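Each chain, written out:
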Amino acid sequence: MELRHEPSSDDLSGRPAGGRTRPGPDAGRRPGGGGRSYAPIEVEIRDDFETGSIVVVSRDFFLYHVVAPGKAIRYGVAVGTAELVWKGKATIGRKVEWPSWRPTDDMIERNPGAYAKYADGMPGGPQNPRGAGAVPV
């Protein structure tokens, strides 16, 4: 499985499947909800992405899982601060359910009040910042 980073969603031509235009900020929004939604939605993308690939657009907080040539499921995701955002191409070697988490030494040094208490790690579970699943790069 391949993981790619793209500079913006505009570069993906993320149109709703079967639609003519790129979804606006409320595409995939739950009825009656307000603001921008990050609910999963099927979209059309460029057809040069390999099926099974994951494309991350950190600037727009979206992850695209390519399910067929020219089609992907778009998910809203959390990303780190701009200077910590990974860029490039990588291979996902494994998937982990309920992963443990440990802040990096740099994170602890930058903000010991928030991270020092987790220096020995945090077990997987609902309170873990990595959530229910992770794809280590």
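Residues numbered from 1 in each chain as written. Predicted model: local features only at pLDDT ≥ 70, side-chain atom pairs only at ≥ 80, totals over all residues. Heavy atoms only, no water.

With respect to the packing of aromatic side chains
- Evaluation of the coordinates by the stated rule reveals three aromatic pairs.
- With a centroid separation of 6.3 Å and 65° between ring planes, the pair formed by Phe-62 and Tyr-64 is classed as edge-to-face. Each member of the pair, Phe-62 as well as Tyr-64, is classed as buried.
- Each residue in the set Trp-101, Tyr-115 and Tyr-118 is aromatic and connected to the rest through ring pairs, giving one cluster.
- Directly above the aromatic system of Phe-62 lies the positively charged group of Arg-74, at a separation of 4.2 Å from the ring centroid. (Phe/Tyr/Trp six-rings, centres within 6.5 Å; stacked < 30°, edge-to-face > 60°. Buried < 20%, exposed > 50% of the residue type's maximum accessible area, 1.4 Å probe, protein only. Lys NZ or Arg CZ within 6 Å of the ring centre and 35° of its normal.)

Looking at the confidence of the model for the protein chain
- Scored by pLDDT, the protein chain comes out at a mean of 75, with 64% of its residues at no less than 70.
- When pLDDT is averaged over each element of the protein chain, helix α2 (residues 112-115) comes out on top at 94 and strand β2 (residues 15-16) at the bottom at 53.
- Scored below 50 in pLDDT, residues 19-34 makes 28 contacts in the model with residues more than four places away or belonging to other chains. (pLDDT = per-residue confidence, 0-100. Helix = DSSP H or I, 4+ residues; strand = E, 2+ residues; numbered from the N terminus. Contact = heavy atoms within 4.5 Å.)

Side note on the nonpolar core
- In this structure, Ile-41, Val-43, Ile-45, Phe-49, Val-55, Val-57, Phe-62, Tyr-64, Val-66 and Ala-72 together form the largest nonpolar core, which totals 10 residues.
- At the level of elements, β3 (41-44), β4 (54-57) and β5 (62-68) are the ones that each hand at least two residues to this core.
- Ranked by residues supplied to this core, first place goes to β5 with three residues.
- Residue contacts for Ala-72: discarding those within four places in its chain leaves Ile-41, Glu-42, Val-43, Ile-45, Tyr-64, His-65, Val-66 and Val-67. (Core = buried A, V, L, I, M, F, W, Y, C linked by side-chain atoms within 4.5 Å.)

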